[in-house]
Amino acid sequence: MVAEFPAYDAEGVWNAHYNNAIEKKKACNHWDKFPRTTYAAFHYLCGTGFENIVSEITGNQGVQADVGLHGGGWHAHATSGKLNVHLDYSIHPKLKLERHYNIIIYMTPDWNPEWGGGLEVWDHNEDGTPSGLHVTVENRFNRAVLFDTTQYSWHGLPKDLSCPEGVMRRSMATYYVTEPEPN
């Protein structure tokens, strides 16, 4: 899949380009843009078998993959790339289900941790505002991070990447939804 991952400056692949004070990245969630192996990987991550694995790990029955990859797919952060600490949306805009879990799979071989790129997970105050860094999950090739995105799950990549020009932090992501909790 690494060989299939497009270059940051590839034409006609990236359907989302973000370059603002909050985030600097590119993304693609269009199934028709994924080459064979990547397509098969997303198919697996969105299939019943993997939904059952997520249910088993989390103890939450009724987990469904967001097969539309809303916010998921390929993500690429080049030099100075970032994504401020944030909360994900709660209710899927089309499915009206609660976005509950996220899996991120790091896809950059030979990534140097000194460049940054780890997923920061933050604690929160009683009022729900972020209070400080809890843990950084290092960006290691082929590492998968599954985490709960509900309520006060503050997370991000807030420090500008310092990777050399031509190198990018590559990842793929899929989200899982559940029936919303009352209120």
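So, how was this worked out
- Residues numbered from 1 in each chain as written.
- Predicted model: local features only at pLDDT ≥ 70, side-chain atom pairs only at ≥ 80, totals over all residues.
- Heavy atoms only, no water.
- Helix = DSSP H or I, 4+ residues; strand = E, 2+ residues; numbered from the N terminus.
- Rg over C-alpha atoms; globule rule 2.2 N^0.38 Å.
- Contact = heavy atoms within 4.5 Å.
- Areas by Shrake-Rupley, 256 points an atom, 1.4 Å probe, with all protein chains shown as cover.
- Buried < 20%, exposed > 50% of the residue type's maximum accessible area, 1.4 Å probe, protein only.
- Arc of directions from axis to C-beta.
- Core = buried A, V, L, I, M, F, W, Y, C linked by side-chain atoms within 4.5 Å.

A. A look at the overall build of the chain. In terms of regular secondary structure, the chain is built from 2 helices and 11 strands. In the chain, the succession of helices and strands from N to C terminus is β-β-α-α-β-β-β-β-β-β-β-β-β. Over its C-alpha trace the chain gives a radius of gyration of 16 Å, about what one expects of a compact globule, namely 16 Å for 183 residues. Dimensions of the chain, computed from C-alpha atoms along their principal axes, come out at roughly 45 × 40 × 25 Å. Contacts spanning at least 24 positions in sequence make up 75% of the contacts within the chain whose residues lie at least 6 apart. Split by element, the accessible area of the chain, about 9,700 Å² in all, is 51% carbon and sulfur.

B. Examining the environment of Glu181 more closely. Residue position: Glu181 is located in the segment after strand S11 (169-178). Given a relative accessible area of 58%, Glu181 falls into the exposed group. For the pair Glu181 and Glu98, spaced 83 residues apart in sequence, the C-alpha separation works out to 7.8 Å.

C. Local environment of helix H2 (residues 48-58). Where H2 is concerned, the buried positions are Phe50, Glu51, Val54 and Ser55. Relative to the axis of H2, the buried residues are bounded by an arc of 150° and lie together on one face. For H2, exposure combined with an orientation more than 90 degrees from the buried face picks out Glu56 and Ile57. Against helix H1 (36-45), strand S3 (64-65), strand S6 (98-106), strand S9 (144-148) and S11 lie the buried residues of H2. Phi turns positive, to about 75°, at Gly59, one or two residues after H2.

D. Molecular detail of the nonpolar core. In terms of nonpolar packing, the biggest core is built from 23 residues, with Phe5, Leu45, Trp74, Met172 and Tyr176 touching the most fellow members. Sorting the residues of this core by element identifies H1, H2, strand S4 (73-77), S6 and S11 as the ones contributing at least two each. Counting 7 residues, the second largest nonpolar core, distinct from the first, contains Leu119, Val137, Val145 and Phe147.

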